[in-house]
Amino acid sequence: MFEALFRQREPAGPGLAERRTLVLRTHTCGELRSSDLGSEVALCGWVDRVRDHKGVIFIDLRDRWGRTQLVVGPESPPAVLAAARAVRAEWVIRARGAVGARPAGTTNPKLVTGEIEVVVRELDVLNEAETPAFQPGATELPGEEVRLKHRWLDLRRPAMQDNMFLRSRIVKIMRDHFDELGFIDVETPMLGRSTPEGARDYLVPSRLDHGSFFALPQSPQLYKQLLMMAGFDRYVQVAKCFRDEDLRADRQPEFTQLDVEMSFVEADDVIGVIEGLVKRTAREILGIDVPLPLPRLTWDECMERFGHDAPDLRFGLEIVDLTAIAGESDFRVFRGAVESGGRIRGVRVPGAAAKFSRKDLDELTAVAVEGGAKGLVWLKVEADGSWVGPVAKNLTGVADPLKAALGCEPGDLALIVADSFDVTCKALHMLRKRLGAALGLYDRDAMHFSWVVDFPMFAADVETGGWASMHHPFTAPRPADVEILEADPAACRAVAYDLVINGSEAGGGTIRIHDSATQEKVFKLLGISAETARERFGFLLDALRSGAPPHGGIALGIDRWVMLFGKLDSIRDVIAFPKTQKASDLMTGAPSTVDTKQLVELGIRTVVPPPKPA
RNA sequence: GGGGGUGUAGCUCAGUUGGUUAGAGCGCCAGCCUGUCACGUUGGAGGCCGCGGGUUCGAGUCCCGUCACCCUCGCCA
């Protein structure tokens, strides 16, 4: 199958001619066809497999372009036959010979080069190879630990090469798109100032100022705003970002964003530019047409209908509010939730009653509990329309209205959570995710793009009891909400927009505050004193007072884009050298202890004794 | 920090109720083989059963601890 993909890698036009000028090889291993019959060629690559039949030896030669069969037969010089016999997997060789037609019946339709073979007349071993830890050409995929430790071997695998080429193509589309729209690519520093809000910083000690530290950027947020104040108008950068937080399948400590900022814009301008990119990427990478504009949901709507701010819209299972109806029942759990200001909400799972055993329902209950719920009410609709379930007998008087509200029919399953709004959101969101996957409610090839807008400006900060920024402290409130900024922060909505692809946050941006008075108000609300604000963000406040245009932007998670467009499950498969869940690099051994001399130079003394070398 | 999963040959895995000498496929080494393409075939080598402790006459198997990797909650402005 991957042979077909190799074809896509073939560069058009000048690339071919340029490669012909190379000295060691005339063609790549994915290039020769019947039309080349009789040509004298030279190929270089890795030995993928050897099939030694004594009198005739076949060698599959592999490079990033594909695979070509070399044949060494009785007509080959004895030295070549001997050399071919000695060759082993992953050796790097160069073969010269003529392109020959494979005898009738021996062509290989699975290979784009399967019509031909190269009849070897000269064979040079460019480099031998030790027996590899695993074979890149093998069908069985080694465990990830082994792949990460021998990453260079893993990256030889066609699947990984496809991923890296996909990434390269997507980034090129991004660069072309923004270049054509007049954006300027500006690099911003990696060594910056630590800002304790947000994620944990990666710190870099200063040698010239002991006790002081740089921080690696969590994002180029402030720099790009300052570029707007500097008049660059439209900025773009493929930016490495660093956040020292715990990892996930879709989170790495260092990751890449397509960072974008624009002046004299409103949200629709930024959204429009990104929608153009979405359409273009989907067309060029997947060959699908994405109708624009993309659907937009408000944050409130998302939480009501899906319980999450990045809902997977590839399937239904929308949340239904049952507070008014179920609150009338005698069921203690329902009444209790209502009385303490909570909500009763549920989802209808059509036709699922028979599919879920008691054990399955216990598992779903565990999912709800993991989401913070104290339990899960499950109900099945019998053929006669009656409810069945542990609490069915508690539904006196509300059984039919409940059924009507959920739209349940015989054979359906209903899952209901009664708790605070936040808990019902969390639990039902997790149930939705689980059910969507377990019941196969969506096509794995489907791509769903949407925007979530009108996020709250602030969320309650459980640690401080104050307010915390939902996005970041530079987010502008909706113009209509500026007046209630201080009076009712919870009700204040931001001009913020998240791009959601298949239930994954693929990008997020905001219109920024561009006047220092509003910025200072927001800092104050966030509990950042005037002195602290001046110390940490004085340059921003100064810049805001020196002619700051209205501006806003967005950052797209490139790793996630590639993962999603490549239909992959892990971000690590689109990063050449990723880190493990403990943020270590199994290949290089980073992070590592350093010489005491280095520490002394930096004015640093470690508190934890260094681990004993293994 | 919490929950879950995995760890046995270079790789992928099996290993019964605790019981003799821990197996298979691939790979590796050697022989045979002139049309294979996951070549075939014959033979061979290869094991700290993650590590440490415990229970037991006896531990890959049971218990405790620990390490690594993966998934996940918290966390990720």
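Rules used in this analysis
Residues numbered from 1 in each chain as written. Chains lettered and ligands numbered in written order. Predicted model: local features only at pLDDT ≥ 70, side-chain atom pairs only at ≥ 80, totals over all residues. Heavy atoms only, no water. Near = heavy atom within 4 Å. Polar contact = N/O pair within 3.5 Å; in protein donor to acceptor, adjacent residues only side chain to side chain. Helix = DSSP H or I, 4+ residues; strand = E, 2+ residues; numbered from the N terminus. Nonpolar A, V, L, I, M, F, W, Y, C, P; charged D, E, K, R; others polar. Pairing = 2+ DSSP bridges. Axes fitted to C-alpha atoms, helices over the stretch in contact; angles between N-to-C directions. Contact = heavy atoms within 4.5 Å. Salt bridge = Lys/Arg side-chain N within 4 Å of Asp/Glu carboxyl O. Buried < 20%, exposed > 50% of the residue type's maximum accessible area, 1.4 Å probe, protein only. Parallel < 35°, antiparallel > 145°, perpendicular 65-115°, else oblique. Left-handed = near helix turned anticlockwise from the far one by under 90°. Patch = residues over 30% accessible without salt bridge, like charges linked within 9 Å, V, L, I, M, F, W, Y side chains within 5 Å. Areas by Shrake-Rupley, 256 points an atom, 1.4 Å probe, with all protein chains shown as cover.

A.B. asks: Even after reading the chapter, I still don't get the protein's contact with RNA strand B, so can you show me in this structure?
C.D. replies: In the vicinity of RNA strand B lie 52 residues, with Arg 51, Thr 106, Gly 143, Ser 469 and His 471 positioned nearest. Protein-proximal atoms of RNA strand B, defined as those within 4 Å of the protein, fall in sugar or phosphate at a share of 56%. Within the side chain of Glu 145, an N or O atom sits 2.6 Å from a sugar or linking oxygen of RNA strand B. The side chain of Arg 251 places a nitrogen or oxygen atom 2.8 Å from a base oxygen of RNA strand B. Secondary-structure elements contributing two or more residues to the surface near RNA strand B are strand E1 (40-52), strand E2 (57-63) and helix H4 (144-149). In terms of residue class, the surface near RNA strand B is built from 13 nonpolar, 18 polar and 21 charged.

A.B. asks: Help me understand the sheet that holds strand E5 (residues 116-127), please; the structure alone is not making it clear to me.
C.D. replies: Strand pairing in a sheet relies on backbone hydrogen bonds. The paired strands run either parallel or antiparallel. The strand order around the closed barrel formed by 5 strands is E1-E2-E3-E5-E4, and the pairing between neighbours is mixed. Direction aside, the axes of adjacent strands within the sheet are offset by 55° on average. Bridge count between E2 and strand E3 (residues 66-72): 7 bridges; the pairing is antiparallel. Residue pairing across strands places Arg 62 opposite Arg 67, the latter belonging to E3. Helix-sheet contacts for helix H3 (residues 78-86) involve E1, E2, E3 and E5, and the interaxial angle to E5 is about 70°.

A.B. asks: I keep staring at the sheet that holds strand E9 (residues 234-242) and nothing clicks. Help me out?
C.D. replies: Taken together, the 8 strands give an open sheet; going across it, the order is E6-E9-E10-E22-E21-E20-E17-E11, and neighbouring strands pair in mixed fashion. Here the strands that pair on one side only, and so sit at the sheet edges, are strand E6 (184-185) and strand E11 (296-298). Judged from the 9 bridges that link them, E9 and strand E10 (residues 254-263) form a sheet pairing that is antiparallel. What sits directly across from Val 236, in E10, is Val 260. Strands in contact with helix H6 (residues 158-180) are E6, E9, E10 and strand E22 (551-557); relative to E10, the strand with the most contacts, it is inclined by about 15°. Sitting on the sheet, helix H7 (residues 221-229) touches E9, E10 and E22, and the angle it makes with E10 is about 20°.

A.B. asks: Explanation requested: the pairing of E1 in the structure shown.
C.D. replies: Along any regular strand the residues' side chains alternate between the sheet's two faces. Here 7 bridges tie E1 to strand E4 (residues 92-101), and the two strands are oriented antiparallel to one another. What sits directly across from Gly 45, in E4, is Ile 93. Two elements, E1 and E2, share 6 bridges in a ladder whose sense is antiparallel. Each bridged residue has a counterpart across the sheet, and for Val 47 the counterpart in E2 is Leu 61.

A.B. asks: Teacher, can you tell me more about the pattern of salt bridges here?
C.D. replies: Between side chains of opposite charge, pairing is possible as soon as their charged atoms come close. Applying the stated criterion to the full structure yields 46 salt bridges. Residues Glu 304 and Arg 343 are paired through a salt bridge, measuring 2.7 Å at the closest nitrogen-oxygen approach. Of the two residues, Glu 304 is situated in helix H9 (residues 299-305) and Arg 343 in strand E13 (residues 343-349); the sequence distance between them amounts to 39 residues. Taking the relative accessible area as the measure of exposure, Glu 304 reaches 30% and is therefore partly exposed. When the shortest N-O distance is used, the salt bridge between Arg 545 and Asp 542 registers 3.1 Å. Owing to a relative accessible area of 47%, Arg 545 belongs among the partly exposed residues under this scheme.

A.B. asks: How should I be thinking about the packing of helix H12 (residues 358-370) against helix H14 (residues 421-438) in this particular structure?
C.D. replies: Packed helix pairs are characterised by how far apart their axes lie and by the angle those axes make with each other. Two numbers describe how H12 lies on H14: the axes approach to 7 Å, and their chain directions differ by 140°. Taken together, the axes of H12 and H14 lie oblique to each other. Considering only the axes of H12 and H14, their crossing is right-handed. Packed against H12, whose contacting residues are Glu 363, Leu 364, Val 367, Ala 368 and Glu 370, the element H14 presents Lys 426, Ala 427, Met 430, Leu 431, Arg 434 and Leu 435 at the interface. Considered class by class, the residues forming the contact of H12 with H14 number 7 nonpolar, no polar and 4 charged.

A.B. asks: What's the story with a nonpolar patch on the surface in this structure? I'm lost.
C.D. replies: On the surface, Trp 152, Phe 577 and Met 587 cluster together into a nonpolar patch covering about 300 Å² of accessible area. Here Phe 577 shows up in the loop between helix H17 (558-565) and helix H18 (596-602). Looking at Phe 577, the relative accessible area reads 45%, which means it is partly exposed.

A.B. asks: It is not clear to me how the side chain of His 551 should be interpreted in this structure. Could you clarify?
C.D. replies: Secondary-structure assignment places His 551 in strand E22. According to the relative accessible area criterion, His 551 is buried, its value standing at 0%. Of note is the side chain of His 551, whose polar atom sits 3.1 Å from the side chain of Gln 225. Separated by 2.8 Å, the side chain of His 551 and the backbone oxygen of Pro 549 make a polar contact. With residues up to four places along the chain from it excluded, the contact list for His 551 reads Gln 225, Met 228, Met 229, Glu 261, Met 262, Ser 263, Val 265, Ile 511, Arg 512, Ile 513 and His 514.

A.B. asks: How should I be thinking about the pairing of strand E17 (residues 449-453) in this particular structure?
C.D. replies: With 5 of its 5 residues buried, E17 lies for the most part within the structure. Going residue by residue along E17, you find Phe 449, Trp 451 and Val 453 tucked away on one face and Ser 450 and Val 452 tucked away on the opposite face as well. Here E11 runs beside E17; their pairing, made up of 3 bridges, is parallel. Bridging from a neighbouring strand, Thr 298 pairs with Val 453 of E17. Of the strand pairs in this sheet, E17 and strand E20 (residues 496-501) are connected by 5 bridges, and their pairing is antiparallel. Bridged to Val 452 within E20 is Asp 498.

A.B. asks: I tried to follow the environment of Gly 566 on my own but got confused; where do I start?
C.D. replies: Structurally, the position occupied by Gly 566 is in the loop between H17 and H18. Taking the C-alpha atoms as reference points, Gly 566 and Leu 286, separated by 280 residues in sequence, lie 8.9 Å from one another.

A.B. asks: Is there a simple way to think about the environment of Lys 279 in this case?
C.D. replies: Locating Lys 279 in the fold gives a position in helix H8 (residues 267-286). Sequence spacing of Lys 279 and Phe 306 is 27 residues, and the spatial spacing of their C-alpha atoms is 25 Å. Setting aside anything within four residues of it in sequence, one finds Lys 279 in contact with Asp 289, Val 290, Pro 291 and Leu 292. In this structure the side chain of Lys 279 is engaged in a polar contact, spanning 2.9 Å, whose partner is the side chain of Asp 289.

Nothing here speaks to function; it is geometry throughout.
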